[in-house]
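# Tertiary structure, described
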Amino acid sequence: MALIECPVCRKRMSSKASSCPYCQAKTDGDNGSLARISHIQKSSSLMNQSFVAMTLFIAGVVIWFWGGEPAEGLRANIAGVCFVFGFVGYLITRVRIVLHKRKSV
Ligand SMILES: [Zn+2]
């Protein structure tokens, strides 16, 4: 059994259910493809998150070395925060992508 998103209210429901338990919307019996679509949407949103984290990481590096000299004071703080959040966020998102891919649809 997989969880799919209700096409009407967007709440989580079973792919086996013939109607949504929240808004009673009938699913058209094509729940397999709905589950696949929701899986793909989750994958692409994870990819977006990893892209954002990577961008943050690179921004941190760029801010740090902007002007060819190591940052000091406020600039170093901003660069450090971007760097750390980007790096940690990227790692977390990569793990979530791997876990997500293991789930069968
Ligand atoms: Zn619903």
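I will try to describe carefully the structure that is included in this document. Since this is a predicted model, take the numbers as computed values, not measurements.

Definitions and limits used
- Residues numbered from 1 in each chain as written.
- Predicted model: local features only at pLDDT ≥ 70, side-chain atom pairs only at ≥ 80, totals over all residues.
- Helix = DSSP H or I, 4+ residues; strand = E, 2+ residues; numbered from the N terminus.
- Rg over C-alpha atoms; globule rule 2.2 N^0.38 Å.
- Buried ≥ 20, exposed ≤ 12 C-beta atoms within 10 Å, placed from the backbone.
- Contact = placed C-beta atoms within 7 Å.
- Expected span 1.5 Å × (residues − 1).

## Here's the deal with the overall build of the chain
Counting its regular elements, the chain contains two helices and two strands. Ordered by position in the sequence, the α and β elements of the chain form the string β-β-α-α. Rg of the C-alpha trace for the chain: 20 Å, well past the compact-globule value of 13 Å for 105 residues, more than 25% over. Once the C-alpha set of the chain is aligned to its principal axes, its extents read approximately 65 × 25 × 15 Å. Expressed as a percentage of the 105 residues in the chain, the buried residues total 9%. A sequence separation of at least 24 residues applies to 43% of the contacts in the chain between residues at least 6 apart.

## Quick look at unusual backbone geometry
Of note, Arg10 is a non-glycine position whose phi angle comes to about 70°, a positive value. Structurally, the position occupied by Arg10 is in the loop between strand S1 (3-5) and strand S2 (12-14). Its 11 C-beta neighbours within 10 Å are what place Arg10 among the exposed residues. With phi around 65°, Gln24 is a residue other than glycine that occupies positive phi space. Summarising the element assignment, Gln24 is placed in the loop between S2 and helix H1 (31-65).

## What to know about the environment of Phe57
For Phe57, the location among the structural elements is in helix H1. Phe57 sits in the partly exposed class, given 19 other C-beta atoms within 10 Å. In the structure, Phe57 is positioned 38 residues away from Val95 in sequence and 17 Å away in space, judged by C-alpha atoms. If near-sequence neighbours (up to four positions away) are discounted, Phe57 is found in contact with Phe83, Gly86, Phe87 and Tyr90.

## Brief notes about helix H2 (residues 73-102)
One turn of the α-helix equals 3.6 residues, which is why residues spaced by three or four share an orientation. Given a rise of 1.5 Å per residue, 30 residues ought to cover 44 Å, and the 44 Å separating the end C-alpha atoms of H2 matches this to within 8%. Considered for burial, the residues of H2 that qualify are Ala79, Cys82, Gly86 and Thr93.

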